[in-house]
Amino acid sequence: MTEKPYLVSGRNTLIHKIRKFDLLILNGNDDPAVVVNYKGIKEYSGKIPENKREAKMMDIELVDATSSEVFGDEKTLIFVQTLNGKEYKIDYSKAGTSMFIRVHQDSIF
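Residues numbered from 1 in each chain as written. Predicted model: local features only at pLDDT ≥ 70, side-chain atom pairs only at ≥ 80, totals over all residues. Heavy atoms only, no water.

*Asks:* Honestly, the overall build of the chain in this entry has me stumped. Any pointers?
*Replies:* Within the chain, the regular secondary structure consists of one helix and nine strands. Each helix and strand of the chain, placed in order from N terminus to C terminus, yields the pattern β-β-β-β-β-α-β-β-β-β. Expected size for 109 residues packed as a compact globule is a radius of gyration near 13 Å; at 13 Å, the chain falls within 12% of this value. Principal axes of the C-alpha set define a box for the chain whose edges measure 35 × 35 × 25 Å. Here the chain holds 109 residues, and 38% of them are scored as buried. Side chains of the chain give 16 positive and 16 negative charges; the mean places of these two sets differ by 5 Å. (Helix = DSSP H or I, 4+ residues; strand = E, 2+ residues; numbered from the N terminus. Rg over C-alpha atoms; globule rule 2.2 N^0.38 Å. Buried < 20%, exposed > 50% of the residue type's maximum accessible area, 1.4 Å probe, protein only. Lys, Arg positive; Asp, Glu negative; His and termini not counted. Charge placed at Lys NZ, Arg CZ, Asp CG, Glu CD.)

Structure, rendered in C-alpha cells:
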C-alpha cells in the first residue's frame, strides 16, 4: 500500500508531508475546495477530479474531511501544516471573505 501524502493530527489538523502531491481538501458539498501545495494554500478554482484515479493523474490527493478516515464530519475550522513551515487556518464560516484562509503560525519547525 502506498504512503499517504498527509497525516491527520487531532480532531481538525492535517499535515502535508510529500512535496510531489498537492492536497485538495473537500469539506462537504457546499463549502469551497482548498488546494495545498509545497508553497502554501489557496482556494481551488479548477475542476474537481471525479475520482482518486483522476486526481492521481493530476498529482493531487483528494482529502474529504467528511470521510471516516479523515475527520468523519464537516468541520468549521481546519488547520493545515504545510511543507514551507507554516500552519494555516481555514475558517469555513468565513468562506468568500479575506478571513477564509489565514496564517495561524509561522515557522512551526
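*Asks:* Before we go on, may I ask you to explain unusual backbone geometry in this structure?
*Replies:* Among all residues save glycine, negative phi is the norm, and among peptide bonds the norm is trans. For aspartate 59, which is not glycine, the phi dihedral falls at a positive 60°. Here aspartate 59 lies in the loop between helix 1 (52-57) and strand 6 (60-64).

*Asks:* How do you make sense of the nonpolar core when you look at a structure like this?
*Replies:* The nonpolar side chains of a soluble globular protein tend to be buried, and buried together. Grouped together as the largest cluster of nonpolar side chains are 17 residues, with contacts concentrated most on Leu14, Ile25, Ile78 and Ile90. Setting aside anything within four residues of it in sequence, one finds leucine 14 in contact with Tyr6, Leu7, Val8, Ile25, Val63, Val70, Phe71, Ile78, Phe79, Val80 and Gln81. Among the nonpolar cores identified, the runner-up in size contains eight residues, and Val35, Tyr44, Ala55 and Leu62 belong to it. (Core = buried A, V, L, I, M, F, W, Y, C linked by side-chain atoms within 4.5 Å. Contact = heavy atoms within 4.5 Å.)

*Asks:* Would you mind going over the sheet that holds strand 6 with me for this structure?
*Replies:* Strand pairing in a sheet relies on backbone hydrogen bonds, with the paired strands running either antiparallel or parallel. With respect to topology, four strands assemble into an open sheet ordered 5-4-3-6, the strand pairing being mixed. The sheet is open, and its two edges are formed by strand 5 (41-43) and strand 6, each paired on a single side. Recorded for the sheet is a direction-independent mean angle of 25° between the axes of neighbouring strands. Strand direction decides the pairing type here: strand 3 (residues 22-26) and strand 4 (residues 34-36), joined by three bridges, are antiparallel. Bridge pairing links leucine 23 to valine 36 in strand 4. (Pairing = 2+ DSSP bridges. Axes fitted to C-alpha atoms, helices over the stretch in contact; angles between N-to-C directions.)

*Asks:* Mind showing me how you'd approach the side chain of aspartate 91 here?
*Replies:* Looking at the element boundaries, aspartate 91 is found in strand 8 (residues 86-91). Judged by relative accessible area, which is 7%, aspartate 91 ranks as buried. Aside from chain neighbours lying at most four places away, what touches aspartate 91 is Thr76, Leu77, Met99 and Phe100.

*Asks:* Where do I start with the pattern of salt bridges in this structure?
*Replies:* Opposite charge on two side chains lets them pair, provided their charged atoms get close. Enumeration over the complete set of coordinates arrives at seven salt bridges. A salt bridge links glutamate 69 to lysine 4; the shortest N-O distance between them is 3.6 Å. Taken as a pair, glutamate 69 in the loop between strand 6 and strand 7 (77-81) and lysine 4 in the segment before strand 1 (6-9) lie far apart in primary sequence, 65 residues in all. Exposure remark for lysine 4: the relative accessible area of 30% places this residue in the partly exposed category. Residues joined in a network through salt bridges with shared partners are Lys4, Lys52 and Glu69. (Salt bridge = Lys/Arg side-chain N within 4 Å of Asp/Glu carboxyl O.)

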